[in-house]
Amino acid sequence: MNIGFIAHDAKKTLMQNFCIAYRGILAKHSLFATGTTGRMIEEACGLNVYKYLAGHVGGVQQITTQIEQNDLDMLIFLCDPLTPKRHEPNIKHLMYICDMHTIPLATNLATAEMLVKSMDRGELDWREAYRKEE
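Residues numbered from 1 in each chain as written. Predicted model: local features only at pLDDT ≥ 70, side-chain atom pairs only at ≥ 80, totals over all residues. Heavy atoms only, no water.

Mind showing me how you'd approach the pattern of salt bridges here?
Should their charged atoms come close, side chains of opposite charge can pair. For the structure on display, the rule yields six salt bridges. Salt-bridge contacts for R127 lead to D73; the nearest nitrogen and oxygen are separated by 3.1 Å. Here R127, found in helix 7 (residues 126-133), pairs with D73, found in the loop between helix 4 (59-68) and strand 4 (74-78); they are 54 residues apart in sequence, far enough to count as distant. In this pair, the class of R127 matches that of D73, namely buried. (Salt bridge = Lys/Arg side-chain N within 4 Å of Asp/Glu carboxyl O. Helix = DSSP H or I, 4+ residues; strand = E, 2+ residues; numbered from the N terminus. Buried < 20%, exposed > 50% of the residue type's maximum accessible area, 1.4 Å probe, protein only.)

Listed below in structure tokens is the structure:
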């Protein structure tokens, strides 16, 4: 599966820790991320991550395009609802795009863990069939 990662600045360390914890599962899949988040995942876990531009200079738009082209199967976007910055990605727009294209989306650690564990059990294999129908 193709998994996307975005993290607000205050959640980047949490994203690293999440990826360390689930490294064994994530290593079986193709990973995509905005620039800084991807670099931090690679440094912490040694996983290969295709890195787009930094989120505020176009990386979020690149991931959005990947969703719109049905090339992403899941998005983990760890948000910081307490200190969003003007230049950081707009979660409402990404939620809309994910809903429009039936892409599972996690915006917090609990949901991210559920999605990754479900993926590992094969419960998201429907994405493969869905991708072929598009």
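I would appreciate a short explanation of the nonpolar core in the present structure.
Soluble globular proteins: nonpolar side chains tend toward being buried together. F5, M15, F18, L26 and I76 are the most contacted members of the largest nonpolar core, which totals 24 residues. Going through the elements one at a time, strand 1 (2-7), helix 1 (12-21), helix 2 (23-26), strand 2 (30-33), helix 3 (35-45), strand 4 and helix 6 (109-120) are the ones with two or more residues in this core. A total of four residues in this core trace back to one element, the largest contributor, which is helix 6. Ranked by size, the runner-up nonpolar core spans 14 residues in total, among them I6, Y52, I63 and C98. (Core = buried A, V, L, I, M, F, W, Y, C linked by side-chain atoms within 4.5 Å.)

For this particular structure, what's the right way to read unusual backbone geometry?
Glycine aside, the phi torsion of most residues is negative, and most peptide linkages are trans. Residues other than glycine seldom take positive phi values, yet N70 does so here, at roughly 60 degrees. By the element assignment, N70 lies in the loop between helix 4 and strand 4. At T102, a residue that is not glycine, the phi angle is positive and equals roughly 55 degrees. Tracing the chain through its elements places T102 in the loop between helix 5 (91-100) and strand 5 (105-106).

What exactly am I supposed to notice about the environment of H56 here?
Along the chain, H56 falls in the loop between strand 3 (49-51) and helix 4. A relative accessible area of 51% means that H56 is categorised as exposed. Measuring from C-alpha to C-alpha, the distance between H56 and G35 comes to 9.7 Å, with 21 residues separating the pair along the chain.

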